[in-house]
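Here is how the chains run, residue by residue.
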Amino acid sequence: AEKEFKELRKELRELQARVYAENKHKLLLVFQAMDAGGKDGTIRAITQGVNPQGVRVTSFKAPSKLELAHDYLWRIHLAVPTRGMIGIFNRSHYEDVLVVRVDNIVPESVWRPRYEQINNFEKLLANTGTSIIKFYLHISKEEQRERFQERINIPAKNWKFSFEDLEKRKQWSDYMAAYEEMLEKTSTEYAPWHVIPANQNWYRNLAIERVIVSCLRNLDPQYPPPEGDVSGIVVP
């Protein structure tokens, strides 16, 4: 598995270089998971060695006052990739049918219509040339407990620990229900969800890299030809 993963990551580097050079395709990767689900580690692992000019990672935290003054998809649309780019969302617009639901930030009459709104938004992106792949990294409750404990026990990982994480852990069942409905309502042909078993990092990384490389192979990006005939040119 490790050998295949390294070969796929090498191929990804080449494909990403072509995407950037060709300046034609747009690829959006969306990552969602429970706390300690491995989003950061996954993104580091799968993109190691790529041209950083052609990849943009956006991490969506609690919205600012400016963002709250707009519709909830405004800040998302600002971050979608442009031609030649791979955009990676570490959390995303799906927080607006997850945390807002579990924490009762807005009433159901507000968050429930968002499934259709999000589908329409992603269809707009797909119809205008953005390839969308969404990953839900699923860990068990016991695996989350072990990862939280590791953050407490290992000094170098203390900074990752938050007491708020323990409060969120109490809402595990509510989050599982919210994720289940999210997956059911928003996995579409043009923006499919991939549910990744993520207790084991090696399997998680391999499964995700397979999906991304397969998508890029289908896009088949190519280095563009030179602007003119360069045969015989000797640089003085």
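Scroll up to find the structure this text is about.
Now for a description of the structure that goes with this document. All of these numbers come straight from a predicted model, not from anything done at the bench. The numbering scheme is per chain: residues are counted from 1 as the chain's sequence reads. Reporting in this predicted model follows two pLDDT cut-offs: at least 70 for local features of residues, and 80 or more for side-chain atom pairs to be given and counted; totals over whole chains, interfaces and linings ignore these cut-offs and use all residues. To get the side-chain values, take all heavy atoms of the structure and skip hydrogens and water.

**Here we look at the overall build of the chain**
Part 1 of the argument: Helix and strand counts for the chain stand at 11 helices and five strands.
Part 2 of the argument: Overall, the chain is about 70 × 40 × 30 Å in size when its C-alpha atoms are taken along their principal axes.
Part 3 of the argument: Any residue under 20% of the maximum accessible area for its type is buried, any over 50% is exposed, and the rest in between are partly exposed; the area is computed with a 1.4 Å probe on protein chains only. The buried share of the chain, taken over its 236 residues, is 46%.
Part 4 of the argument: Excluding contacts between residues fewer than 6 apart, the proportion of contacts in the chain whose partners are at least 24 apart in sequence is 81%.
Part 5 of the argument: Between the centroid of the 34 positive side chains of the chain and the centroid of its 32 negative side chains there is a distance of 3 Å. Numbering of helices and strands runs from the N terminus; a helix is a DSSP stretch of H or I covering at least four residues, while a strand is a stretch of E covering at least two. Note on contacts: a residue pair qualifies if any of its non-hydrogen atoms lie within 4.5 Å across the two residues. Charge counting follows a simple rule: Lys and Arg are positive, Asp and Glu are negative, and His as well as the terminal groups are ignored. Charge placement uses NZ in Lys and CZ in Arg. For Asp and Glu, CG and CD serve respectively.

**Considering the packing of aromatic side chains**
Part 1 of the argument: Stacked, tilted and edge-to-face are the three classes assigned to paired rings of Phe, Tyr and Trp, where Trp is represented by its six-membered ring and a pair needs centres within 6.5 Å; plane angles under 30 degrees give stacked, over 60 edge-to-face, the rest tilted. In this structure the tally under the stated criterion is seven aromatic pairs.
Part 2 of the argument: Consider the rings of tyrosine 136 and tyrosine 179, whose centres lie 4.5 Å apart with planes at 25 degrees: the pair is stacked. A residue pair is termed long-range when its members are at least 10 positions apart, and tyrosine 136 in strand β4 (residues 130–138) and tyrosine 179 in helix α10 (residues 172–186) qualify at 43 residues. The pair formed by tyrosine 136 and tyrosine 179 is uniform in burial state, with each residue classed as buried.
Part 3 of the argument: Measuring from ring centre to ring centre gives 5.9 Å for tryptophan 202 and tyrosine 203, while their planes differ by 90 degrees; the resulting arrangement is edge-to-face.
Part 4 of the argument: Given a relative accessible area of 47%, tryptophan 202 falls into the partly exposed group.
Part 5 of the argument: Here tyrosine 203 falls in the partly exposed class, since its relative accessible area comes to 35%.

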